[in-house]
Amino acid sequence: MTHCPGGDPLPMRPAVQETYGPADLGATPLFGGGFINFGHWDGIDLDRVPTEHDRIRSQQALYHRVLATLAPTEGLRAAEVGCGLGTGCALALEEYGFAQVTGMDIHPQQLDRARSAHAGLLADRADRLRFVQGAAEGMPCGDAEFDCLYSVEAAQHFRDPEAFAKETARVLKPGGRAAVASFFVPDADPARPGQLAALIETFATGLDVAHSIPQWTGSLERSGLADIRVTSIGAAVWHGWDRWLSTMWQPGTWPRNFLQAYRDGLLDYFLITAARPAPARRPA
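Novice: Can you explain the overall build of the protein? Please cite residues and give values.
Specialist: Looking only at helices and strands, one finds 11 helices and seven strands in the protein. A compact globule built from 284 residues would reach a C-alpha radius of gyration of about 19 Å, and the protein, at 18 Å, matches this within 12%. Projecting the C-alpha coordinates of the protein onto the three principal axes gives extents of approximately 65 × 45 × 40 Å. The long-range fraction of contacts in the protein, counting pairs at least 24 apart against all pairs at least 6 apart in sequence, stands at 77%.

Novice: Now, about the nonpolar core: what can you tell me, with residues and values included?
Specialist: The tendency in soluble globular proteins is for nonpolar side chains to be buried side by side. Tyr150, Trp238 and Trp241 are the most contacted members of the largest nonpolar core, which totals 61 residues. Per-element tally for this core: the top contributor is helix H3 (residues 87–96), with six residues. Not counting chain neighbours up to four residues away, the residues in contact with tryptophan 238 comprise Phe38, Phe183, Phe258, Leu259, Tyr262, Leu267, Asp268 and Tyr269. Counting 27 residues, the second-largest nonpolar core is a separate cluster that includes Ala79, Ala155, Leu225 and Phe270.

Novice: Describe in detail helix H9 (residues 213–222), supporting the description with residues and values.
Specialist: Where H9 is concerned, the buried positions are Ile213, Trp216, Thr217, Gly218, Ser219 and Leu220. If you check the start of H9, you find a side-chain oxygen 3.1 Å away from the backbone N of glutamine 215, and it comes from serine 212. Backbone geometry just after H9 places glycine 224 at a positive phi near 100 degrees.

Novice: Describe the pattern of salt bridges, naming the residues involved and giving the relevant values.
Specialist: Going through the model one piece at a time under the given rule, you end up with 13 salt bridges. Of the charged contacts in the structure, one is a salt bridge between arginine 222 and glutamate 162, with a shortest N-O distance of 2.9 Å. Within this pair, whereas arginine 222 is found in helix H9, its partner glutamate 162 is found in helix H6 (residues 161–171), the two being separated by 60 residues in sequence. Residue classification places arginine 222 among the exposed positions, given a relative accessible area of 57%. Classification of glutamate 162 by relative accessible area gives partly exposed; the value is 23%. One connected set of salt bridges, linked through shared partners, spans Arg77, Arg130 and Glu145.

Novice: Before we move on, could you go through the environment of aspartate 147 and cite the residues and values that matter?
Specialist: Structurally, aspartate 147 can be placed in strand E4 (residues 146–152). The class of aspartate 147 is buried, set by a relative accessible area of 15%. Separated by 42 residues in sequence, aspartate 147 and aspartate 189 place their C-alpha atoms 35 Å apart. Of the polar contacts made by the side chain of aspartate 147, one reaches the backbone nitrogen of arginine 77; its length is 2.8 Å.

Novice: Go over the packing of H6 against H9 with me, naming the residues and quoting the values.
Specialist: It is at 8 Å that the axes of H6 and H9 come closest, and there the two elements cross at 40 degrees. By crossing handedness, the relation of H6 to H9 is classed as right-handed. Between H6 and H9, the residues in contact are Pro161, Glu162, Phe164 and Ala165 and Gln215, Trp216, Ser219, Leu220 and Arg222, respectively. Broken down by class, the residue content of the contact of H6 with H9 amounts to five nonpolar, two polar and two charged.

Novice: Give me the sheet that holds strand E1 (residues 77–81): which residues, what numbers.
Specialist: Across a sheet, strands are paired by hydrogen bonds formed along the backbone, either parallel or antiparallel in direction. Pairing within the open sheet is mixed, and its seven strands lie in the order E3-E2-E1-E4-E5-E7-E6. Each edge of the open sheet carries a strand with a single partner, namely strand E3 (129–133) and strand E6 (226–232). Ignoring strand direction, the axes of neighbouring strands in this sheet form an average angle of 15 degrees. Direction of pairing for E1 relative to strand E2 (residues 100–105): parallel, over a ladder of five bridges. Looking across to E2, one finds that alanine 79 is bridged to threonine 102. Of the strands in this sheet, E1, E4 and strand E5 (172–184) touch H6, which is tilted by about 150 degrees from E5. Of the strands in this sheet, E5, E6 and strand E7 (268–275) touch H9, which is tilted by about 160 degrees from E6.

Novice: Account for the side chain of aspartate 242, with residues named and values stated.
Specialist: Among the structural elements, aspartate 242 can be located in helix H10 (residues 238–245). On the basis of relative accessibility, which here comes to 11%, the residue aspartate 242 falls in the buried class. If we ignore the near neighbours within four places in the chain, the residues touching aspartate 242 are Arg256 and Leu259.

Novice: Tell me about the packing of aromatic side chains, and please be specific about residues and values.
Specialist: For the coordinates displayed, the defined rule picks out 20 aromatic pairs. Ring geometry for tyrosine 63 versus tyrosine 150: centroids 6.5 Å apart, planes at 85 degrees, classification edge-to-face. Pair noted here: tyrosine 63 is in helix H2 (residues 52–67) and tyrosine 150 is in strand E4, with a separation of 87 residues, a long-range link. This pair shows no difference in class: tyrosine 63 is buried, exactly as tyrosine 150 is. Here a set of aromatic residues connected by ring pairs shows up, and it is made of Phe31, Phe38, Phe183, Phe203, Trp238, Trp241, Phe258, Tyr262 and Tyr269.

Conventions used here
- Residues numbered from 1 in each chain as written.
- Predicted model: local features only at pLDDT ≥ 70, side-chain atom pairs only at ≥ 80, totals over all residues.
- Heavy atoms only, no water.
- Helix = DSSP H or I, 4+ residues; strand = E, 2+ residues; numbered from the N terminus.
- Rg over C-alpha atoms; globule rule 2.2 N^0.38 Å.
- Contact = heavy atoms within 4.5 Å.
- Core = buried A, V, L, I, M, F, W, Y, C linked by side-chain atoms within 4.5 Å.
- Buried < 20%, exposed > 50% of the residue type's maximum accessible area, 1.4 Å probe, protein only.
- Polar contact = N/O pair within 3.5 Å; in protein donor to acceptor, adjacent residues only side chain to side chain.
- Salt bridge = Lys/Arg side-chain N within 4 Å of Asp/Glu carboxyl O.
- Axes fitted to C-alpha atoms, helices over the stretch in contact; angles between N-to-C directions.
- Left-handed = near helix turned anticlockwise from the far one by under 90°.
- Nonpolar A, V, L, I, M, F, W, Y, C, P; charged D, E, K, R; others polar.
- Pairing = 2+ DSSP bridges.
- Phe/Tyr/Trp six-rings, centres within 6.5 Å; stacked < 30°, edge-to-face > 60°.

Right, dumping it as structure tokens:
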């Protein structure tokens, strides 16, 4: 197993270390069912107050939206970067037929929670599910180890998209596919980070980073990945997320500003896909 350069063992900003460590974000009422994402709310009635079941369903649906882009997945090896509590890994293993899923996270406390939550699955399928500690910018994985790599709402925490792109290209097999879903700045306007920090506390504290779509696509291209596609899925995310937030936060509070940032064009939710080119076939 090749261990890759990623800086110090825990290159976490303080806000990331606190939020996913002692503060245990996944245990708050904002999330549920072992997931930590804003959700994909298509098909959920937002004219009524969402239930906890709706909330969990929205988070599962975001994983379904991402994993569907990697199909066919039967018998393949996959990695989830920023796996958090590991529930998305379990979903991928049980519903998409992967031969093996590796959940990777930078935070040791999250990995402890993932191993505890999925102890039964780990015991029953020790050869098919594992959790490892590693940074997106330095993955503790071998060259060409995976057929698929995906990340669901973790990329906003990555320190260096360029390094992540290089690592993705390295650990994917030729012909392998990657999918990343998170919230990004749609354009390259240098004013966006400051505007978002003024609106949303997580950008001000450094928990979230205002990475832009041009930055990401450029990084993926320079790493040698191809067939790069960017799809806005914000229409299915932001209104449902704000509807859920309205059950806990009043208008004018900073969490409700995510929807405002979307409406103002400062932020959107995207699904980015790419592939490592397969070698050209020689003429017979």
